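Geometric and topological summary
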Amino acid sequence: MQERTYFVEFVCVDCGQTRTMKLETVRGKEIDRGCLCGIVCTECDDLAKAKSAKKWKEEKALDRLEKSGFPIGKVSAWCYGDAKRNKALEEWIWTNRNEALWIAGYPQIGKTFAALRCAMDESEKGRLVRWTQGNDLFGGYVDALRESSAKASAYIRGFLSCDLLVVDDIDDPGRFTFTAGQLMYKLLDGIKNDRAKRIWITCNILKGELRGMFESDNHGAKVEERLRDRFRVWGGAPAAPGGELNK
Ligand SMILES: [Zn+2]
């Protein structure tokens, strides 16, 4: 039997618009009009598909951030606009994003969120970003050291195997023990001669306080020296012997 095409009108259940659909007869018969309720038009269907594709993409992006160590609770606080923003700091980080950054200042001024915003942008651009909390960073190092010094070295290399390492609240554990001081200067040494590698560090240490926070004065001096050589400093710059650090 020769089938023929015909047009039927239906009301889209999504947008409520009357649409027309082209159908073909089946064994010469047209469709029962009663079957045409509950139909979604092509436009609405495409929109739904685009929406779920967008959601999927967002979920993927969130997944990637979580795997990179980003604090997902803070990421969503950011995305939903609950974050306290420090736009001046955000701008400063963004302007200096290709540098190693030491971001010091009082608690609650928005350091974490500013770093988060910029690090997320870097990640979106395809850079390999790793996020860690000061506490976790030092805790993991102590565990690795307990196993062997080779494990400890591998641990540090692991953190440096990315384009950008963000250490949030590096002074969270309080005073830097001998081990923590060692880890800190080794990390800073790891990027010393590699301009492609960056570390952004946030801390609550204020001007002049840094040196005194190290159990080993030798570590304190080494860290200060590396900060001077390689880092841009925001806020309470640690006082350097014979001059200010953030000139
Ligand atoms: Zn529709």
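What follows deals with the overall build of the chain. On a plain count of helices and strands, the chain comes out with eight helices and seven strands. Taking 247 residues into account, the globule formula puts the C-alpha radius of gyration at 18 Å, and the chain, at 28 Å, lies well above it. Viewed in the frame of its principal axes, the chain has a C-alpha envelope of about 95 × 40 × 30 Å. The buried share among the 247 residues of the chain stands at 27%. The contacts in the chain between residues at least 6 apart in sequence include a share of 73% that link residues at least 24 apart.

What follows is about the domain arrangement of the chain. Parsing the chain into structural domains produces domain 1 (5-59) and domain 2 (71-234). Spacing between the C-alpha centres of domain 1 and domain 2 amounts to 53 Å.

What follows covers unusual backbone geometry. Phi at Q108 takes a positive value of approximately 70°, unusual for a residue other than glycine. Considering the arrangement of structural elements, one finds Q108 in the loop between β3 (100-104) and α4 (111-124). A positive phi angle, near 55°, is found at D169, a position not held by glycine. Positionally, D169 belongs in the loop between β5 (164-168) and α7 (178-190). Take D169: there are 18 C-beta atoms within 10 Å of it, and that puts it in the partly exposed class.

Read across the open sheet, the five strands follow the order β4-β5-β6-β3-β7; overall the sheet is parallel. The open sheet has two free edges, formed respectively by β4 (129-133) and β7 (231-234), since each of these has just one partner strand. The sheet shows a mean angle of 15° between the axes of neighbouring strands, direction not considered. Where β3 and β7 come together, four bridges link them in parallel fashion. Among the inter-strand pairings, W102 is bridged to a residue of β7, identified as V233. Across the face of the sheet, helix α5 (residues 134-147) comes into contact with β4 and β5 while running at roughly 90° to β4.

The biggest cluster of nonpolar side chains holds 47 residues, and the ones touching the most others in it are L101, A115, V166 and I201. Residues within four places of A115 in sequence aside, it is in contact with I93, I103, V166, D168, W200 and T202.

In the contact formed by helix α6 (residues 149-160) and α7, the axes pass within 10 Å of each other and the chain directions differ by 50°. In terms of orientation, α6 and α7 fall into the oblique class. Helix-helix and strand crossings are classified by hand; for α6 and α7 the assignment is right-handed. Side by side, α6 and α7 meet where I156, F159 and L160 of the first sit next to L183, K186, L187 and G190 of the second. Per-class residue counts for the contact of α6 with α7 are five nonpolar, one polar and one charged.

This brings us to the pairing of strand β2 (residues 18-24). The side chains of a regular strand alternate between the sheet's two faces. Taking burial as the measure, the seven residues of β2 include zero buried ones, a minor fraction of the element. Bridge count for strand β1 (residues 5-11) against β2 is seven bridges, and the pairing is antiparallel. By the bridge assignment for β2, T5 is matched with E24. Between the end of β1 and the start of β2, which pair antiparallel, lie six residues, with G16 showing a positive phi angle near 75°.

Averaged over the chain, the pLDDT score is 87; the fraction of residues at 70 or greater is 92%. Per-element confidence in the chain is highest for β5, whose mean pLDDT is 96, and lowest for helix α2 (residues 72-79), whose mean pLDDT is 79.

Bringing the environment of D194 into the picture now. Here D194 shows up in the loop between α7 and β6 (198-203). A sequence separation of 43 residues divides D194 from K151, and the C-alpha atoms of the two residues are 23 Å apart.

About the cut-offs
Residues numbered from 1 in each chain as written. Predicted model: local features only at pLDDT ≥ 70, side-chain atom pairs only at ≥ 80, totals over all residues. Helix = DSSP H or I, 4+ residues; strand = E, 2+ residues; numbered from the N terminus. Rg over C-alpha atoms; globule rule 2.2 N^0.38 Å. Buried ≥ 20, exposed ≤ 12 C-beta atoms within 10 Å, placed from the backbone. Contact = placed C-beta atoms within 7 Å. Domains from an automatic or database assignment. Pairing = 2+ DSSP bridges. Axes fitted to C-alpha atoms, helices over the stretch in contact; angles between N-to-C directions. Core = buried A, V, L, I, M, F, W, Y, C linked by C-beta atoms within 7 Å. Parallel < 35°, antiparallel > 145°, perpendicular 65-115°, else oblique. Left-handed = near helix turned anticlockwise from the far one by under 90°. Nonpolar A, V, L, I, M, F, W, Y, C, P; charged D, E, K, R; others polar. pLDDT = per-residue confidence, 0-100.

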